[in-house]
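# Structural characterization, general
If you want the building blocks of each chain, they are given just below.
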Amino acid sequence: MIEFQNVKKLYETKKQIVEALKGINLTVEKGDIFGVVGYSGAGKSTLIRLVNLLERPSEGQVLVGGKALTSLKPKELRAEKKKIGMIFQHFNLLNSKTVFDNVAMPLVLSGTPSKEVKQRVEELLEFVGLSNKSKNYPEQLSGGQKQRIGIARALATNPSVLLCDEATSALDPQTTSAVLQLLKKINNEYNITILLITHEMSVIKEICNKVAVMEGGRVVEQGSVLDVFSKP
Ligand code: ADP
Ligand code: ADP
């Protein structure tokens, strides 16, 4: 489903060249909840940003659904991008827009007829349990509620992959658990493949079936969560 083939990523700044990824090989299979864990600076954000083309690899390939993202023409790329949803640590909601409009955004941007938008947004808000907040603004919501809206927005275009960038790091433990259970439900009911990055081992243990441990731009260990954590 998502494949990293010998991926390297360099950042060149005025002062230095940072080798953020030093040859990553990873395969995320359809239906996985795949967790990437590591300390700050390990390269996790870079890894996930390569999947939705916020960054491009310096070397190697990132394949999604068998297609190399960098080889696609603009039109194909737009279609591929719709299949990838993403949620963020700080939710990235637009504060000047209502909950409804935030969730509707990806649909409106892709030219969906307004009647269809309305129906889909209502469906999504019901799925995340926030139908009653449709007319509210993000600042009127709790952190957990904001992340549910982020999730609804990410699911709007019916993606096959959901990327989660430290999605529960700004939440308290109880809210974290509730959001993680929602992710599990999304994986289960819609067969959406999830790739998440986190610095918290507890997140991996709670919902992931596979894990990769990153350190200094490399994957130092990977496998099923049971195998990796049962090693002496
Ligand atoms: P993590 O998400 O695990 O904290 P990152 O992928 O953010 O790791 O960063 C990996 C390394 O790359 C770090 O040394 C970081 O400072 C560096 N880095 C990340 N983004 C940039 C950038 N845009 N320009 C320069 N260096 C960067
Ligand atoms: P996180 O690790 O929580 O993802 P960071 O603070 O590492 O966040 O990065 C925030 C933003 O700054 C990202 O867009 C990243 O690409 C960029 N960035 C990170 N490290 C550097 C760096 N050394 N130089 C320039 N930009 C950086």
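Rules used throughout
- Residues numbered from 1 in each chain as written.
- Chains lettered and ligands numbered in written order.
- Predicted model: local features only at pLDDT ≥ 70, side-chain atom pairs only at ≥ 80, totals over all residues.
- Heavy atoms only, no water.
- Salt bridge = Lys/Arg side-chain N within 4 Å of Asp/Glu carboxyl O.
- Helix = DSSP H or I, 4+ residues; strand = E, 2+ residues; numbered from the N terminus.
- Buried < 20%, exposed > 50% of the residue type's maximum accessible area, 1.4 Å probe, protein only.
- Disulfide = S-S within 2.5 Å.
- 1 Å grid on protein atoms, 1.4 Å probe; cavity = no way out; pocket = protein on both sides within 12 Å on 5 of 7 lines; lining within 4 Å.
- Points joined across faces, edges and corners; volume = space filled by probe spheres on them.
- Nonpolar A, V, L, I, M, F, W, Y, C, P; charged D, E, K, R; others polar.
- Pairing = 2+ DSSP bridges.
- Contact = heavy atoms within 4.5 Å.
- Axes fitted to C-alpha atoms, helices over the stretch in contact; angles between N-to-C directions.
- Parallel < 35°, antiparallel > 145°, perpendicular 65-115°, else oblique.
- Left-handed = near helix turned anticlockwise from the far one by under 90°.

By the naming in an unreviewed UniProt entry, the protein chain goes by Methionine ABC transporter ATP-binding protein and is assigned to Metabacillus herbersteinensis.

### Observations regarding the pattern of salt bridges
Under the criterion given, the structure shown has nine salt bridges. In this structure, Glu80 engages Lys67 in a salt bridge whose closest nitrogen and oxygen atoms are separated by 3.1 Å. In this pair, Glu80 sits in helix α2 (residues 74-82) while Lys67 sits in strand β5 (residues 67-68), placing the two residues 13 residues apart along the sequence. The partner of Glu123 in a salt bridge is Arg120, with the nearest N and O atoms 2.7 Å apart. Here the residue Glu123 and the residue Arg120 both occupy positions in helix α4 (residues 114-127), the gap between them amounting to three residues, near one helical turn. Overall, the relative accessible area of 17% leaves Arg120 in the buried class.

### Some points on the state of the cysteines
Scanning the model with the defined rule gives zero disulfides in all. We note that Cys164 lacks a disulfide partner, and the nearest cysteine sulfur, in Cys208, lies 9.0 Å from it. Under the relative-accessibility criterion, Cys164 is labelled buried at 2%.

### Focus on the layout of surface pockets
Here the largest pocket is characterised by a volume of approximately 710 Å³. Forming the walls of the largest pocket are 20 residues, and the residues nearest its centre are Lys81, Ile84, Pro106, Leu109 and Thr157. For the lining of the largest pocket, the secondary-structure elements that each account for two or more residues are α2, β6 (84-88), α3 (99-109) and α5 (143-155). For the lining of the largest pocket, the per-class residue count stands at 10 nonpolar, six polar and four charged.

### As for the sheet that holds β5
Strand order in the open sheet formed by four strands is β2-β1-β4-β5, and the pairing between neighbours is antiparallel. Each edge of the open sheet is held by one strand with a lone partner, namely β2 (17-28) and β5. Helix-sheet contacts for helix α1 (residues 44-51) involve β1 (2-12), β2 and β4 (59-64), and the interaxial angle to β1 is about 120°.

### Looking at the packing of α5 against helix α6 (residues 173-190)
Interhelical geometry of α5 versus α6 gives an angle of 20° and a closest axis separation of 10 Å. Between α5 and α6, the angle is such that the two are roughly parallel. Pair α5 / α6 crosses with right-handed handedness. Residues Gly144, Gln147, Arg148, Ile151 and Leu155 of α5 form the contact with α6, whose own contacting residues are Thr175, Ala178, Val179, Leu182, Leu183 and Ile186.

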